[in-house]
Amino acid sequence: MEQVLEEATRTAVLEFEDGGNAAALVLEFEDGGNDGALLLGEKAVVLRESFCPLMMDPHDELPPPPPLPPNVVPIKAEDAAKESPPNKPTKPTRLPIARPGLGKKGQPIQLLANHFKVSVKSSDDFFHHYYVKLKYEDDQPVEGKVIGRKVIDKLQHTYCSELSNKDFAYDGEKSLFTVGALPQVNNEFTVVLEDIGTGKLVLLLDLFPCYLYLSNTMIGVPHNSISYLVAGVLPMGVPVVLEAIRGQESENSLEALRVLDIILRQHSAKQGCLLVRQSSFHNNPASFVDLGGGVMGCRGFHSSFRGTQSGLSLNVDVSTTMIVKPGPVIDFLLANQNVDHPDRIDWQKAKRALKNLRIKAAPGNSEFKVVGLSDRKCIEQTFPWRQRNGNNGDINTVEITVSDYFLRHKGIELRYSGNFPCIHAGRSKRPTYFPVELCTLVPLQRYTKALSTLQRSSLVEKSRQKPQERMSTLNDALKRSNYDSDPMLMACGISIAPKFTQIEGRVLQAPKACKFLDEKWEPKFTVIVAQKNHHTRFFQTGSPENVPPGTVVDKQVCHPKNFDFYMCAHAGMIGTSRPTHYHDLHDEIGFTADALEEFVHSLSYVYVDDKWYQRSTTAISIVAPISYAHLAAAQVGTFMKFEDMSDASSSQGGHTSVGSVPVPELPRLHENVRSTMFFC
């Protein structure tokens, strides 16, 4: 991209039919080719009169087109969107089937969903997408992700007037969005930040417009011909949101929703939250639960925008992640290794556990990232210390131990950590050492290692919430977030309702009898995806209990066009029931909404209990075939150890392709069990 930008020679302006515009870069290549006409999305691009064809003097003659190879058949540009290049097979378009209608069977029930209605004011503005490039004074790129948001915040404060007081939506890495274009063409800035090691850190920040790269090879013109760079402008406001609501999802509508989700993440980041994808976690001790081993469960909330039948909505749900227990480092190590005295700590394990964690070190209370541990004890580990010699200003460098340095120059006598390794929080060429007893772990640091069985069961037990408790938590989270005060959301004309969305559901009756197939039955296929990992929950109005078994919802919070529905077939005994979200992708049978919902509901009752080998009299949370598939996968997993696969296994009958991991053959089943459900 950088090379392409350097080769750009002219800038022009494109104008949409609806009045929006976009900057375009015109390129010149070795063969002298440059610009032409272009279709962007579904809207024709009209060139302003000041932008003459090919960016040439109108009196100049047009250069001849490059010669066509004998085996190339040109395609007209106006037909490019309709036709594919010759001899190129077209891929069949596979889309989820449209909803055949709404179900009507079952007892009606009034429910609340954790979707909050969103209103969008009409706007003619556009999202402008910029690529963020961070580098140091020596032109080296900035690798860390955490510093990005600090740089952007400092940029807004330092260059407020130059940026016309514009607010940003920044994803924390490479993408930045604004409502309307930045006022300057050249967006290179110098940002000075405080740095722990050097005192100051000078960074250079470039904001490049993100461009759509289009080549004439897309419309059947030879490869060495013209190419285009078009600034990435994205329509926002009612039109693209309506596309998503109608189910007419396009690249524009999906990208616009993604920008809105980025705004939510940025809003939480400014509140000091830990971000995990679309979930946010506040530093609130009331939301922490101790799982043992120096690990804590932290309760937060998920939030994302979704297009539904009833309009745009904000889906908010409870979310939980694991964090390192904040506080003294020595306390974390004792808990992590389950020992009762610092002398029993395994420092090799401690080194692995502490690496990349952030600490605050006394007495300055500055924040550092742990690189490792020192090779020697604190009373033996030395480092070069520079000190002034008398009044002549000369500087001498002497070797001093870490413990002596803190005693002589900080007035701190170590109580117990002199015989322990030091925390290494500097660089390999410039180490920075701190005694363990002076270091504390900062809050909200995600724990990413695997939990023990005891920790996992403790997390599940302590994370459960009854429906009313969950609703109260979500209400508090929405109030605390205060999204309506966010300047970017206000600039987009977005406001969020403070109440749960009221919806209508139905409760299906449990099934009485088995249906036998006709002898003339011919197999047809219907493909349904069952989704458990989502954030939609339902609550009874006026009741603290979970929704009754058999509750189905296929309107208001479902997809505006595709055939999907939520089903709570089971009775939720603990916590808040999680419905299964079913998506009908392909249907040769021709199910009506009622027929498919009843069919799925019935399949939730035919699960054979693996302990007692008898048919269950109650429904499970997901259809029986999927439960059986889980059992079969678990059973095969006991036969095969995928982590032990090697090239040897591949040579003995495994299947592999170039560059892929060898996959051994599945075990052959004995003929006596081959046709049985042996895995139950």
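Structure: above.
Procedures and definitions
Residues numbered from 1 in each chain as written. Predicted model: local features only at pLDDT ≥ 70, side-chain atom pairs only at ≥ 80, totals over all residues. Heavy atoms only, no water. Salt bridge = Lys/Arg side-chain N within 4 Å of Asp/Glu carboxyl O. Helix = DSSP H or I, 4+ residues; strand = E, 2+ residues; numbered from the N terminus. Buried < 20%, exposed > 50% of the residue type's maximum accessible area, 1.4 Å probe, protein only. Phe/Tyr/Trp six-rings, centres within 6.5 Å; stacked < 30°, edge-to-face > 60°. Pairing = 2+ DSSP bridges. Axes fitted to C-alpha atoms, helices over the stretch in contact; angles between N-to-C directions. Contact = heavy atoms within 4.5 Å. Patch = residues over 30% accessible without salt bridge, like charges linked within 9 Å, V, L, I, M, F, W, Y side chains within 5 Å. Areas by Shrake-Rupley, 256 points an atom, 1.4 Å probe, with all protein chains shown as cover. Core = buried A, V, L, I, M, F, W, Y, C linked by side-chain atoms within 4.5 Å. Polar contact = N/O pair within 3.5 Å; in protein donor to acceptor, adjacent residues only side chain to side chain. Parallel < 35°, antiparallel > 145°, perpendicular 65-115°, else oblique. Left-handed = near helix turned anticlockwise from the far one by under 90°. Nonpolar A, V, L, I, M, F, W, Y, C, P; charged D, E, K, R; others polar.

Chemist: I'd like a rundown of the pattern of salt bridges, residues and numbers included.
Modeler: Under the definition given, this model contains 13 salt bridges. With a closest N to O distance of 3.3 Å, Asp290 and Lys325 form a salt bridge. Here Lys325 lies in the loop between strand E19 (311-324) and strand E20 (327-328) and Asp290 lies in strand E17 (residues 288-292), a separation of 35 residues in the sequence. One salt bridge connects Glu367 with Arg358, and the closest N-O pair in it is separated by 3.0 Å. For Glu367, a relative accessible area of 30% corresponds to the partly exposed category.

Chemist: Kindly report on the packing of aromatic side chains, identifying the contributing residues and their values.
Modeler: Scanning the model with the defined rule gives 14 aromatic pairs in all. Among the aromatic residues, those joined into a cluster by ring pairs are Phe368, Phe383, Trp385, Tyr405, Phe406 and Phe434.

Chemist: Pulling in residues and values, what's your account of the sheet that holds strand E35 (residues 580-587)?
Modeler: As summarised here, the arrangement of the seven strands in space is E31-E35-E34-E33-E30-E5-E32, forming an open sheet in which the pairing is antiparallel. The strands lining the two open edges of the sheet, one partner per strand, are strand E31 (526-531) and strand E32 (538-540). Strand after strand, the sheet turns through a mean of 40° between neighbouring axes, direction not considered. The sheet contact formed by strand E30 (residues 501-507) and strand E33 (residues 551-553) spans two bridges and is antiparallel. In the sheet register, Arg506 faces E33, and the bridge partner there is Val552. Set on the sheet, helix H11 (residues 593-603) makes contact with E30, E31, E33, strand E34 (564-568) and E35; between it and E34 the angle comes to about 35°.

Chemist: Tell me about a nonpolar patch on the surface, and please be specific about residues and values.
Modeler: Together, Val527, Val529 and Leu585 make up a nonpolar patch on the protein surface, roughly 200 Å² of accessible area in all. Take Leu585: it is sitting in strand E35. On the accessibility criterion, Leu585 (34% relative accessible area) is partly exposed.

Chemist: Tell me about the nonpolar core, and please be specific about residues and values.
Modeler: Residues Val329, Leu333, Ile345, Trp347, Leu354, Ile359 and Ile423 are the most contacted members of the largest nonpolar core, which totals 43 residues. Of all the elements, helix H5 (residues 329-337) adds the most residues to this core, at five residues. If we skip the residues at most four places from it in the chain, Leu333 touches Ile345, Trp347, Ala350 and Leu354. Membership of the second largest hydrophobic core comes to 31 residues, among which are Val118, Phe305, Met488 and Ile494.

Chemist: I'd love a proper account of the sheet that holds strand E27 (residues 433-434), names of residues and values included.
Modeler: If you walk across this open sheet you meet the three strands as E23-E26-E27, and the pairing is antiparallel. Pairing within the sheet leaves two strands with one partner each, and these edge strands are strand E23 (372-377) and E27. Where helix H6 (residues 347-354) meets the sheet, its contacts fall on E23 and strand E26 (421-424), and the angle it forms with E23 comes to roughly 150°.

Chemist: Requested: an account of the environment of Val370, with residues and values cited.
Modeler: Assignment of secondary structure puts Val370 in the loop between strand E22 (366-369) and E23. Ignoring any residue separated from it by four or fewer positions in sequence, one finds Val370 in contact with Leu354, Lys355, Asn356, Leu357, Ile359, Ile423 and His424.

Chemist: Break down the side chain of Ser543 for me, citing the residues and quoting the values.
Modeler: Among the secondary structure elements, Ser543 is positioned in the loop between E32 and E33. At 3.2 Å, the side chain of Ser543 and the backbone nitrogen of Glu545 are in polar contact.

Chemist: Which residues make up the packing of H5 against H6, and what values do they have?
Modeler: Running from N to C, H5 and H6 cross one another at 110°; their axes reach a closest spacing of 11 Å. What the angle tells us is that H5 and H6 run roughly perpendicular. In this structure, the crossing between H5 and H6 has a hand that is right-handed. From H5, Val329, Ile330, Phe332, Leu333, Asn336 and Gln337 reach across to H6, where they touch Trp347, Lys349, Ala350, Ala353 and Leu354. Grouping the amino acids of the contact of H5 with H6 by side-chain chemistry returns eight nonpolar, two polar and one charged.

Chemist: A description of the environment of Arg277 should follow, citing residues and the corresponding values.
Modeler: With respect to the secondary-structure elements, Arg277 resides in the loop between strand E15 (274-276) and strand E16 (279-281). A relative accessible area of 65% places Arg277 in the exposed class. Residues Arg277 and His302, spaced 25 residues apart in sequence, show a C-alpha to C-alpha distance of 8.7 Å. Ignoring any residue separated from it by four or fewer positions in sequence, one finds Arg277 in contact with Arg265 and Arg446.

Chemist: Now, about unusual backbone geometry: what can you tell me, with residues and values included?
Modeler: Here the bond from Ala362 into Pro363 is cis, since omega is 5°, no more than 30 degrees from zero. With respect to the element layout, Pro363 can be found in the loop between strand E21 (358-361) and E22. Unlike most non-glycine residues, Asn165 shows phi in positive territory, near 55°. Within the fold, Asn165 resides in the loop between helix H2 (146-158) and strand E8 (168-170). Here Asn165 falls in the exposed class, since its relative accessible area comes to 55%. Its identity as a non-glycine residue notwithstanding, Asn356 has a phi of 75°, on the positive side. Residue placement: Asn356 occurs in the loop between H6 and E21. When its relative accessible area of 47% is taken as the criterion, Asn356 is described as partly exposed.

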